[in-house]
Amino acid sequence: MTVLGVALVLLVVCWGYATKLQVRSDILELLPRDSPGFQAFERRLERVGGRATLVVVCESPDRAANERFIDGMRASLDAMVETRKTCVAACADAACKKACGPDLVASVESGTKDVRAFFEANKWLYADLKDLEDADATLERQIAFRSGMVEDLFDETTGEHALGMDKFKERWRKNADSKDDFPTGYFASPDGTQHVLRIMTTTTGMGGGSDEELLRRVERMAADLQPASLHPAMKVGFGGDIPQAAAEKDSLVREAVVATSIAALLILAGIVWFYRSLWSLLLIGFPPVFGVGCAYAFATWHYGYVNASGAFLGAIILGNGVNYPIVLYSRYKEFRARGMVPDVARREAVWNAFRAELVGSTVASIAYASLTVTRFRGFNQFGVIGFVGMLLVWLSMIPCLPAMIVLVERLQTRLPAWMRERPAKLAEDGSRGTIARLVGNATERWPRVFVAGAIAITAIAAWRLPGFIRDPWEYDFEKLGSKGSRTSGPAQWSHKADRVLSGRMNLAGSLVLVDRPEQAAEVKARILANDAADPAGAMIDTITTVSDFLPGTAEQQTTKLAVLDQLRERLTPSVMTKLADDEAKTIREMIPPETLRTLTTADLPGLLKSRFSERNGTIGTLLYVRYKPSVARNDGHNLLRMASTIDGVRLADGTRVDTASRATVFAEMIRSLERDGPLATVVALAAVAVVVVIATSSLRGAFAVILSLVLGVVWMVGGAALLGERLNFLNFIALPITFGIGSEYPFNIFDRSRLLGGDVTRAVKLHLGAVALCSYTTTIGYGSLLFADNQALQSFGKLAIAGEIACLLAALLFLPSLLHLLRRPAPQASADMAAPATR
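The model shown is predicted, which means the values in this text are computed figures rather than measured ones.

A. Just the pattern of salt bridges, in detail. Taken as a whole and judged by the stated rule, the model has 19 salt bridges. A salt bridge links Arg-74 to Asp-78; the nearest nitrogen and oxygen atoms lie 3.1 Å apart. Taken as a pair, Arg-74 and Asp-78 lie in helix α3 (residues 63–89) at a separation of 4 residues, close to a single helical turn. What makes Arg-74 partly exposed here is its relative accessible area of 28%. On the basis of relative accessibility, which here comes to 33%, the residue Asp-78 falls in the partly exposed class. One network of salt bridges, with partners in common, ties together Glu-109, Arg-198 and Arg-611.

B. Geometry of the pairing of strand β7 (residues 510–513). Every second residue of β7 is oriented toward a common face, with Ser-510 and Val-512 on one face and Leu-511 and Leu-513 on the other, all of them buried. Bridge count between β7 and strand β9 (residues 622–627): 4 bridges; the pairing is antiparallel. Note on β9: the bridge partner recorded for Val-512 is Leu-623.

C. Fine view of the sheet that holds strand β2 (residues 53–59). Strand order in the open sheet made by the 4 strands is β3-β4-β2-β5, with antiparallel pairing throughout. At either end of the open sheet lies a strand with only one pairing partner, and these are β3 (105–109) and β5 (235–239). The mean inter-strand angle of the sheet, taken between neighbouring strand axes irrespective of direction, is 15°. Across the sheet, α3 touches β2, β3, β4 (194–201) and β5, and the angle it forms with β4 is around 15°. Against the sheet, helix α19 (residues 489–501) makes contact with β2, β4 and β5, and its axis sits at roughly 95° relative to β5, the strand it touches most.

D. The arrangement of the nonpolar core in detail. One finds Phe-312, Phe-382 and Phe-796 to be the most contacted residues of the largest nonpolar core, which totals 158 residues. If one sorts the elements of this core by residue count, helix α30 (residues 791–822) sits on top with 16 residues. Those residues in contact with Phe-796, other than ones at most four positions away along the chain, are Ile-316, Phe-382, Leu-730, Asn-731, Ile-733, Ala-734, Ile-737 and Leu-785. In terms of nonpolar packing, the next biggest core, distinct from the first, is built from 49 residues, Phe-119, Ala-127, Ala-584 and Ile-587 among them.

E. A look at the packing of aromatic side chains. According to the stated counting rule, one finds 15 aromatic pairs in the structure shown. Relative to Tyr-275, the ring of Phe-274 has its centre 4.9 Å away and its plane inclined at 90°; by these criteria the two rings are edge-to-face. With a relative accessible area of 23%, Phe-274 lands in the partly exposed category. For Tyr-275, a relative accessible area of 7% translates into the label buried.

F. Quick peek at the sheet that holds β7. With antiparallel pairing, 3 strands are arranged side by side in an open sheet as β7-β9-β8. Only two strands of the sheet have a single neighbouring strand rather than two, namely β7 and β8 (540–544). With strand direction ignored, the average angle separating the axes of adjacent strands in the sheet is 25°. Packing of helix α20 (residues 520–532) onto the sheet brings it into contact with β7, β8 and β9, and relative to β8 it is tilted by some 175°.

G. Expanded view of unusual backbone geometry. A positive phi is found at Gln-226, a non-glycine position, where the angle reads about 50°. With respect to the helices, strands and loops of the structure, Gln-226 is situated in the loop between α8 (209–224) and α9 (227–230). At Ser-697, a position not held by glycine, the phi torsion is positive, near 50°. Turning to its location among the elements, Ser-697 is positioned in the loop between α26 (662–696) and α27 (699–722).

H. A look at the state of the cysteines. Under the definition given, this model contains 2 disulfides. Across the disulfide from Cys-87 sits Cys-100; the S-S distance is 1.9 Å. Here the S-S torsion is close to -75°, and the disulfide linking Cys-87 with Cys-100 is therefore left-handed. Of this pair, Cys-87 sits in helix α3 while Cys-100 sits in the loop between α4 (94–99) and β3, placing them 13 residues apart in sequence. Residue Cys-91 pairs covalently with Cys-96 via a disulfide, S to S 2.0 Å. Negative torsions about the S-S bond denote left-handed disulfides, and the value of about -55° found for Cys-91 with Cys-96 makes this one left-handed. Residue classification places Cys-91 among the buried residues on the basis of a relative accessible area of 11%. On the accessibility criterion, Cys-96 (29% relative accessible area) is partly exposed.

Here is what the cut-offs are and how they apply
Residue numbering note: each chain is counted from 1, following its sequence as written. Predicted model: local features are reported for residues with pLDDT of at least 70 only, side-chain atom pairs are reported and counted for 80 or more only, and whole-chain, interface and lining totals are derived from all residues. Remark: hydrogens and water are excluded; side-chain values derive from all non-hydrogen atoms of the structure. One side-chain nitrogen of Lys or Arg within 4 Å of one carboxyl oxygen of Asp or Glu is enough to make a salt bridge. A run of H or I in DSSP becomes a helix once it reaches four residues, and a run of E becomes a strand once it reaches two; helices and strands are each numbered from the N terminus. The classification of residues rests on relative accessible area computed with a 1.4 Å probe and restricted to protein chains. Under 20% of the type maximum is buried, over 50% is exposed, and intermediate values are partly exposed. At least two bridges found by DSSP between two strands is the condition for calling them paired. Comment: axis = line fitted to C-alpha atoms, over the contacting stretch for helices; angle = value between 0 and 180 degrees taken between N-to-C directions. Pairs of residues are marked as contacts when any of their non-hydrogen atoms sit within 4.5 Å. Among buried residues, those of type Ala, Val, Leu, Ile, Met, Phe, Trp, Tyr and Cys that are joined through side-chain atoms within 4.5 Å constitute a nonpolar core. For Phe, Tyr and Trp, where Trp contributes only its six-membered ring, two rings pair if their centres lie within 6.5 Å, and the inter-plane angle classes them as stacked under 30 degrees, edge-to-face over 60, or tilted in between. Disulfides are defined in this document as cysteine sulfur pairs within 2.5 Å.

Printed below as a string of C-alpha cells:
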C-alpha cells in the first residue's frame with residue numbers, strides 16, 4: 001500500500017503540474033538555436049520585429065459606417081500604443097518597463113490619406129525630368145510666340161490653350177494618383193462595402209504568446225465598438241499571419257486532446273477484451289498514465305512548452321508504454337493458469353519477464369534518445385520527452401504492478417463471484433487462443449514458405465528504395481500544413497483583405513534586412529544578379545526599397561528643381577495678367593511652389609516610413625522581394641533557391657550581409673533534416689543492434705532478431721516509396737522509433753523460446769496474444785495522429801502504423817520460421833523455466 005500511495009501522490013502532482021504546459025506551433029521552435037538561419041532571424045526580430053500581419057476586415061453596405069468603424073479601431077490602437085510609450089518613458093529600470101507590457105505593434109495602417117497628400121504636394125518632383133523639360137520648353141515657346149497677343153491662345157494654328165500646360169497638368173495628376181490605389185484615403189473595395197485595417201506587428205506570426213495577446217486585445221477593441229450599432233448588417237473578421245497561426249494552434253491542441261482521449265479509450269477497450277476483465281484496466285493502465293504525466297511534468301519543468309511534434313506525444317507514450325505491463329501481467333496470468341499460487345506467480349512473472357521488459361524499455365528509450373543527438377529541435381525535444389516517459393513507465397511498473405495485483409486480488413475476495421476476475425486458462429497444448437495455435441503450427445510446418453514470402457516482399461519493397469534514399473524528403477509544403485486552415489474563418493478574411501489591399505501599396509514579399517541603409521542599393525543589385533544567374537531561371541519579379549518611393553537621387557532631384565525654378569520664373573505677373581480666368585486658374589495650379597526641396601526618406605509619409613524602419617528609427621535597411629506569380633512559394637526546392645539567392649550576399653568591399661526571411665528559415669529546416677535525419681537513423685539502429693546482441697547472448701538469436709527488424713523497416717520504407725510518400729520534419733521520427741519499438745516484438749518471441757528451451761512453436765502459442773496486444777496499443781497510439789488536421793502529423797501516423805504492422809508480421813511469421821530453419825537440437829529446458837512449470 002505504501003508503494004501505491006507514493007505512486008498515486010506522484011501521479012496527481014505530476015499531472016497537476018503538467019497543466020501549465022504550453023503548446024507552441026511556431027516553426028522556429030523546430031530549428032536548432034545555433035543554426036545560421038535561426039540566428040539571422042533572431043537578429044531580425046531584435047531589429048524590426050517579426051513583421052507579421054493582423055488585418056481587421058469590416059463588411060457592410062454602408063461606406064460611411066465602415067469608415068467610422070475603421071476610425072474607431074485606429075483610435076483604439078493608437079491609444080494602446082501611446083499608453084505603452086508613455087509608461088516606458090516614465091520608467092527608470094528594466095523591471096518597470098517590462099511591467100508596461102510587451103511592444104506588440106510596429107505600425108497601424110488604416111488608409112492612405114497622408115500618402116495621397118504627400119504625393120499631391122510633391123507631384124512636380126515625381127514627374128519625369130524629360131517631361132519637366134518639355135513643359136518648360138513648351139511654356140517658353142508659347143510665351144515667346146504669344147507675347148502681347150493673348151487672344152491668339154485660342155488660335156489652333158498659332159498657340160495652345162493655357163500655354164500648352166493642360167496636357168502636362170493631366171499627366172502629372174495621373175502620375176501622382178498612380179502612387180495611391182485608394183482615392184477615399186481608406187483601404188476599401190471600390191464599392192465601399194469592405195474596409196481593411198492592417199496592423200504590422202513586432203511578432204513572428206508563427207504562433208506564440210505575444211501573437212495571441214495582441215489578437216485578444218484587437219478582438220476586444222472590435223467588440224467594444226459594437227459594430228451592429230454602426231450598421232445592423234456589419235460583420236467583422238480577423239485575418240493575416242497571427243489569426244491563422246492561432247487557428248492552427250487551437251486546432252492542434254483540440255485535436256491532441258480528442259485524439260489522446262480516443263486513443264486511451266480504444267487502448268483500454270482492447271485490454272479489457274483481451275483479458276476479459278475490467279480489473280485489467282486498473283492494472284495495465286496505471287504505469288503508462290503515470291509515465292505520460294511524469295513526461296509532461298518534465299517537459300513543463302525543462303522546457304515550459306512542447307512544439308508541434310510533441311503535442312501528440314502523450315498518446316504515443318501511452319500506446320508504447322502499455323506494452324510493458326501487458327507482457328508482465330500476461331506472464332503472471334500464464335503462471336496462475338499453470339497452478340502457481342499468487343505470491344509465487346508474481347515473483348516468477350517479474351523475474352521471468354524482467355529481461356524482456358528491460359530490453360524492451362532499453363531499445364524503446366534508445367529509439368527516442370537517438371533523436372536527442374540531433375540539433376534539430378523538432379527531433380530533439382520529442383526524443384527527450386519520449387525517453388523520459390518510456391523510462392518512467394518501466395520504472396513505475398516494476399514496483400506498482402505487483403502491488404496493484406495484490407490489492408486487486410484482496411478486493412476481489414470481498415466481492416460477489418460475478419465481479420471477480422475469471423481465472424486464466426491454457427489449452428491442452430499450452431496455447432492461448434486459436435490464432436496463436438494456428439500461427440505457431442504453421443510457422444513450424446512451413447518455415448521455408450514464410451521465409452521465401454518474406455524475401456519476396458522485401459525484394460518488391462526494395463525495388464524503389466535506392467531512388468527514395470537518395471532524396472527521401474517532401475518538398476511540397478502544401479502537403480505538410482493544415483488543410484482546415486485554408487478554409488477556416490481567418491483564411492477567408494485574409495483572402496478578402498488581400499483582394500482589397502492588392503496594388504502598389506501592398507508591400508508584399510519576403511522581407512530582407514541589411515546592416516546599413518547605404519548597402520540597400522548594392523544588396524538589391526547583387527540579389528538580382530544572383531537571381532539572374534540561377535540555372536533554373538529567374539524567380540524575382542521586383543525588389544522594393546524605400547528609395548523607390550523617392551523622386552530620384554539627390555542629384556536628380558536637384559536637376560528637377562532647377563527646371564522647376566526656371567518654369568516658375570517664366571510665369572511672371574505680366575504673363576499671368578494676360579490670361580483668361582480659367583487659364584489663369586490652370587496655370588496657378590501648375591506653378592511649382594517655392595517650398596519644393598530635395599526629399600529624403602525622412603520626408604516620406606508615416607505609412608511608407610514605418611514599412612522600411614527598424615525599431616530604433618533607422619530607415620532604409622529593409623527590402624521587399626516580390627517573386628513572380630508562377631513561382632510556387634510552397635515548393636521546398638524553390639525555398640532553397642530563394643535562400644541561396646538572398647542569403648549571405650557579398651558586397652564589393654568584401655562585407656557579407658546575412659539576410660533573414662521566411663525563405664531562409666524554411667530552407668534551414670530542410671538542411672537540418674538532411675543533416676540530422678541520417679544521424680538519428682544510424683545512431684538508433686546501431687544502439688538497438690548492440691543491445692540486442694548483448695541481450696540475446698546468442699549470435700543466432702541476434703541475427704534473427706535484427707534481420708526481422710530490418711525486414712520490417714524495409715517493408716515500411718519500401719511501401720512508402722512505392723506509394724509515393726515522402727519524409728518530412730515530423731514523420732521522419734517514425735524511423736528511429738520503429739527501430740526501438742519494432743525490435744521488442746521479435747526479441748520477446750525469441751526470449752520466450754529461450755526460456756522454453758528453444759521451443760519456438762510453444763513460445764509463439766503462448767506469447768502471440770500479448771505481442772499482438774502490444775502492437776495494437778502502439779498502433780492506436782500512432783493512430784491518434786490521423787485525427788490531426790496537420791498533414792505532416794497525419795503522415796507521421798501513417799508511416800508509424802505501417803512500420804508497426806510490418807514489424808509485427810515479421811516478428812510473428814518470419815522470425816519463428818527463420819528460427820526453425822536455424823535451430824539446433826534443443827537442450828533441456830532451462831532451470832528458470834523448469835521450476836515454474838512443475839509448481
